[in-house]
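# Structural overview
Here are the chains, one letter per residue:
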Amino acid sequence: PLGTIFRGNLRAAPSALLEALDERAPHEADLEGVRLLVLSDPVPRTAAQLQAGEEAVPVVLALSPAVRPLRVSGGELGLAALSLGATGLTTLGYALSSFLLANDGQLLEALNAGDTSPVATALPIAAGIGALLVLHEGAHAAAAAARGVRIAPPVPVPSLQLGCFGCVTRVLDFPRSRAALYDVAASGPYVALAASLAVFVVGLSLSAGLPPPPAATDAAAAAAAASGIPTAALVGATPYPVVPSALLHSSLLLGSLADSVLPPLTPDSLAVQLHPAAVVGFTSALCNALQLLPVGRLDGGRIAAAVLGSGAASLTSSLFLLGLGLQSLFGGDDPALLFFGLLIIFFQREPELPCADDLTGVDTPRQAAAAAALAIALLIVAPSPLLG
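These numbers come from a predicted model, not from an experiment.

### Focus: the pairing of strand β5 (residues 163-168)
- In terms of residue burial, β5 counts as a mostly covered element, since 5 of its 6 residues are buried.
- In this sheet, β5 lies alongside strand β4 (residues 155-159) in antiparallel orientation, the contact comprising 4 bridges. Within β5, the position partnered with Pro-158 by the bridge is Cys-164.
- Linking two consecutive strands that pair antiparallel, namely β4 and β5, is a turn of 3 residues.

See the structure below:
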C-alpha cells in the first residue's frame, strides 16, 4: 500500500503529536522512510454521516517510502528556459505598446522602417517589470529556504496583455505546517506588491509635471499654453509612454491614486502621458493582485489554504474562479482577466499539497495580513466606476 490511515482520539495538539511521532520514527525499523501527516480524514463521509452532521475527524496518514517527493525534471527546466525567453519578448512588446500613442505614432513608424531605437526607449519599462518579478520570486525562494519548503524553479508565464502573468512555482513536498506554507506563499506578492505600489506612486509624482501627450487635442494644447508649457514640449524627441486614461481607471485603487496625484484631465483628454515608473508600477501591481486571488495554486490560493484549511479554501477557490469568469465575460472588455482565468483553469486550479500538520491554523497576525492583502488585491482588480 502507498499509505495507511490511523484513526483514533487525538489527545494532543496536532503539532505536538507530529513532533512526538517524528522523534520516535528513527528508532522504529518499520518506520524507516515513512512520512507522517496529521490531517482531516481524506476518506469521503457517507450520506448517513453527512445527514447526521458528522465532521471529518483527525487522522494520521503514514505514507510508505514508495511515495517519493516530487522532483524537477530536465523537461521542466527546459520549459522554464523557453518560457523565460518568451516572457522577455512579450514584456518588451508590452513596453513598446505603451509608446504607440506617443508622438502621433512615430515610434511605430520607426519600427516599421527597421529602426531599433524604440527598443532602447522601451527597455527601461521591460527591465522594471522584470526586476519586480525577480523580487517576487526571490522573496519566495528566501522564505522557502528559511522554512524548509522545497519548491521548483519558477516558470514565467508570458502575457500579451501585461507582458507577464507571473510565474508558476510548484511546491515539491509537504510543508511542515500551514504557517510555513503561508510564509512561502505570502512573501512574494506581499513584498512585490508593496514595491509596485511605491514605484507607481513615485512614477505618478514624476508624471504630474509632464505636458499633455504629443498628439494632444486643441483644448489640451491651449491648456498647456495657458500654464506656460512650451508648445515644442508637446512633441519632444524622447517621448514618454502615453496610455488611455481609461486604462488607469480599469483599477479602482490605482485609478484613485492617479486621480489624487495627476492634474485633472480636460474633457477632451482621452490619453495621459506617464513616466515609465508609473507604467512599471501599474503593471506589476495588477500582476501581483491577480496572484493574490484565493484560487487553486496561486499564491492567494495557498494563503487561503493556510488560513482557512483545505476544505474551506477549496470552496473559496471555486467561488472566486466563478466570479472571475463572470467578471471577464460580463464586466467589460478586459482580455487580461479572461486569459488569466484560462491560465488558472488549465494550470493552477488544483488544490495545493497538504501540510504535514494540516490541522493547526495560522496565528492572528497572519490572518489579518491575509485579509488586508486580499482587500487590496480586490480593489486593484475591481474597475473604477469612472470607467463607464
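### Topic: the sheet that holds strand β1 (residues 3-7)
- Strand order in the open sheet made by the 3 strands is β1-β3-β2, with antiparallel pairing throughout. Either end of the sheet is taken by a strand with one partner, and the two such strands are β1 and β2 (35-40). Strand-to-strand twist of the sheet, defined as the mean angle between neighbouring strand axes without regard to direction, takes the value 25 degrees.
- Looking at chain direction, β2 and strand β3 (residues 58-63) are connected through 6 bridges and run antiparallel. Its bridge partner being in β3, Leu-37 is matched across the sheet by Leu-61.

### Looking at the side chain of Ser-196
- Its place among the elements puts Ser-196 in helix α6 (residues 178-207).
- There is a polar contact of 2.6 Å between the side chain of Ser-196 and the side chain of Ser-284.
- Non-local contacts of Ser-196, meaning those with residues more than four positions away in its chain, are made with Leu-132, Gly-281, Ser-284, Ala-285 and Asn-288.

Conventions used here
- Residues numbered from 1 in each chain as written.
- Predicted model: local features only at pLDDT ≥ 70, side-chain atom pairs only at ≥ 80, totals over all residues.
- Heavy atoms only, no water.
- Buried < 20%, exposed > 50% of the residue type's maximum accessible area, 1.4 Å probe, protein only.
- Helix = DSSP H or I, 4+ residues; strand = E, 2+ residues; numbered from the N terminus.
- Pairing = 2+ DSSP bridges.
- Axes fitted to C-alpha atoms, helices over the stretch in contact; angles between N-to-C directions.
- Polar contact = N/O pair within 3.5 Å; in protein donor to acceptor, adjacent residues only side chain to side chain.
- Contact = heavy atoms within 4.5 Å.

Don't take any of this as a statement about function, it's just geometry.
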